[in-house]
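Reading the structure
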Amino acid sequence: MPLRSLWLTGSSGCAGRYRTRVRPSPFGLGLGTRLFSIAWKNRAAFFHGVEKRLCARTKLGNVGGMMAAGGAWLWRRARGCLLVGFWLLVLMLASVPAVADDVAVKIGNPLLAKFPVGGDARPRSIWDLQVFNDKLYLAHGDYWNNAGPIDVWTYQGDGTNFVKEYTTQEEMIWDFFVQDDLLFIPGVDSVEESPIRANIYVQDPQNGPGGGWTRRATLTGGVHSYDVALFQNRLFTSMTMENQQARTLVSTDMGASWSVLLQQYSAPIPFADFLFLQGPTNYVYDGSQLTAVTPQLHVSQLSMARRVRVGDGLLYAYPVRYLLTPTPLYYITAAQIQASGAATQLAAFAGTCVRDILAHDGLCYVMTAETNTTSTFRGRIYASADLTHWWQASEFSVPGVPLSFELYRNRFYVGLGSLFTGNWDKLVGPEAGSIWRIQPAAVEMAWVPAKEGVGGSVTVLGAAGLTLTVEATSSLQDPQWEVIGTVQSASGIADLVDPDAAAHEARYYRVILE
């Protein structure tokens, strides 16, 4: 069900005194508590009515009228109690209780049939989540202990139903890559012992009715492959080999055949006008020429990388996915890579356990995790539009370590993993493989007075990074709700002007989180 916020009402005309009818809060402390409720409490059912009245009161009368019912009596009260009320408000805000967690709802665990609880939890770990073609794809498996063949499971937002879409000939799916409307799976470790070759899998929605997977078993001599990228209509990948050697490869026919670009393993990362090849020696490739560069990247284990392209740069971290340890988060621009500059560590995440990162519609999201109790873990998701100002989009508790996340159909989905606790042959994670939808707490709304003939501005307070729909009607007797716009911001605070507010005697609003 959609999550709806409070309603507001106001009449047209010039700015003046407002009479506000507010449902008393459970604390019963009068004006200060009502301000607290409006500004801080997160209640889905909170109702706030605003009725406009033309008047010429003093400024204090205007402010008082906006915050509580009546006018003259509040003005008289305010003259004698303003100082006392101020300190009551300060004390109350100083003792604000912790905001309730968002609700984590378990969708299900499609991996239990093949990898039941009681055995090694590693093959059930959700190493990656990826949205593609309106489906949520789950990466899992274990190439250390050979858990293949590994199925490609998807969730399509339908209750608790998961769909097995395809079966790879791999021991593990480590990461998905979306490139030019195609979904790729690099072959981390083939189940076939002979011939020795690595695979690449491509999901093309245009490949027959409903799309389909194609396996490219063409990386001859390859044992492991973790990365793939498209650049200038050419496909790039790398592979390690049995003889401790490695190759960076390029294909002009979507993987049907390959030629060697470099005698090393490189992670290909596309930028607007060059391909960054991150490896033992770093290169930039403009499509015809390779140039060695020496940016300071603070590289850990290359295959563990979480990377997203943000703006003109690269945001990345190297979390060991089966450990919960502090993991720095870095950002480097394209110009800094080309000029052999230094990556910047994001101080906001110093000392945190970064688990996954995501870029979506101009916003960047980072998920961190920490131990909550002996059996639960706390996850936090942060959003930013500029990598400088970060807002907490969600905080939740789950009975397993948060490992990966995605933004799917305007909700955060989290995949749980497992942890190494001393026995390499049996990672711990009873809930590993389960997928959880994070249901955000309620959204709220405030109303800014209309200017003459301009209309009112609605300020929406909701879940950071999610899309909120604002609707309006002129009657609650026979409401005809119409969408006046949608808002999305990294902070969860956004303004939206109602151009028709001044044309109606009364105006009512609501916010819907679909």
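Scoring rules and cut-offs
- Residues numbered from 1 in each chain as written.
- Predicted model: local features only at pLDDT ≥ 70, side-chain atom pairs only at ≥ 80, totals over all residues.
- Heavy atoms only, no water.
- Pairing = 2+ DSSP bridges.
- Helix = DSSP H or I, 4+ residues; strand = E, 2+ residues; numbered from the N terminus.
- Axes fitted to C-alpha atoms, helices over the stretch in contact; angles between N-to-C directions.
- Salt bridge = Lys/Arg side-chain N within 4 Å of Asp/Glu carboxyl O.
- Buried < 20%, exposed > 50% of the residue type's maximum accessible area, 1.4 Å probe, protein only.
- Contact = heavy atoms within 4.5 Å.
- pLDDT = per-residue confidence, 0-100.
- Polar contact = N/O pair within 3.5 Å; in protein donor to acceptor, adjacent residues only side chain to side chain.
- Phe/Tyr/Trp six-rings, centres within 6.5 Å; stacked < 30°, edge-to-face > 60°.
- Lys NZ or Arg CZ within 6 Å of the ring centre and 35° of its normal.

Now for the sheet that holds strand 21 (residues 282–285). Strand order in the open sheet made by the 4 strands is 19-20-21-22, with antiparallel pairing throughout. In this open sheet, the two edge strands, each paired with only one partner strand, are strand 19 (267–270) and strand 22 (290–293). In this sheet, neighbouring strand axes are inclined to one another by 25° on average, regardless of whether the strands run parallel or antiparallel. Bridge analysis of strand 21 against strand 22 gives 4 bridges, and the strand direction is antiparallel. Opposite tyrosine 285, over in strand 22, you have leucine 290 as the bridge partner.

Another aspect to go through is the pattern of salt bridges. Summed over all chains, the structure comprises 16 salt bridges. Ionic pairing is found between arginine 197 and glutamate 192, a salt bridge with its closest N-O pair at 3.7 Å. The class of glutamate 192 is partly exposed, set by a relative accessible area of 27%. Between arginine 306 and aspartate 356 there is a salt bridge, with its nearest N and O atoms 3.5 Å apart. Here aspartate 356 lies in strand 27 (residues 354–360) and arginine 306 lies in strand 23 (residues 306–310), a separation of 50 residues in the sequence. Under the relative-accessibility criterion, arginine 306 is labelled buried at 3%.

The next point concerns the sheet that holds strand 28 (residues 363–371). The strand order across the open sheet built from 4 strands is 27-28-29-30, with neighbouring strands paired in antiparallel fashion. Every interior strand has two partners, whereas the edge strands, strand 27 and strand 30 (391–398), have only one. Along the sheet, successive strands turn relative to each other by an average axial angle of 20°, direction set aside.

With respect to the helices, strands and loops of the structure, phenylalanine 396 is situated in strand 30. Along the chain, phenylalanine 396 and glycine 379 lie 17 residues apart, while their C-alpha atoms are 5.4 Å from each other. In this structure, phenylalanine 396 is in contact with Asp101, Asp102, Ala104, Met367, Phe377, Arg378, Gly379, Arg380, Ile381, Pro402, Val414 and Ile438, ignoring residues within four places of it in sequence.

Time to look at the confidence of the model for the protein chain. Confidence in the prediction of the protein chain, expressed as mean pLDDT, is 79, and 77% of residues score 70 or more. In this model residues 449–454 is a low-confidence stretch, pLDDT under 50, and it forms 14 contacts with partners more than four residues away in sequence or in other chains.

On to the side chain of glutamate 395. Counting through the fold element by element, glutamate 395 comes out in strand 30. Separated by 2.9 Å, the side chains of glutamate 395 and arginine 378 make a polar contact. Residues contacting glutamate 395, with those up to four places away along its chain left out, are Asp101, Asp102, Arg378, Gly379 and Arg380.

Below, the discussion takes up the packing of aromatic side chains. Overall, the coordinates contain 27 aromatic pairs when judged by the stated rule. Taking the centre distance of 5.7 Å and the plane angle of 85° together, the rings of tryptophan 144 and tryptophan 424 count as edge-to-face. With a gap of 280 residues between them, tryptophan 144 in the loop between strand 7 (135–139) and strand 8 (151–155) and tryptophan 424 in the loop between strand 32 (411–417) and strand 33 (435–439) connect regions that are remote in the sequence. Taken together, the ring pairs in this structure connect Trp127, Tyr143, Trp144, Trp174, Tyr226, Tyr265, Tyr322, Phe420 and Trp424 into an aromatic cluster. Directly above the ring of tryptophan 424 sits arginine 122, whose terminal nitrogen or CZ lies 4.4 Å from the centroid. Looking at arginine 321, its charged tip hangs above the ring of tryptophan 174, at a distance of 4.2 Å from the centre.

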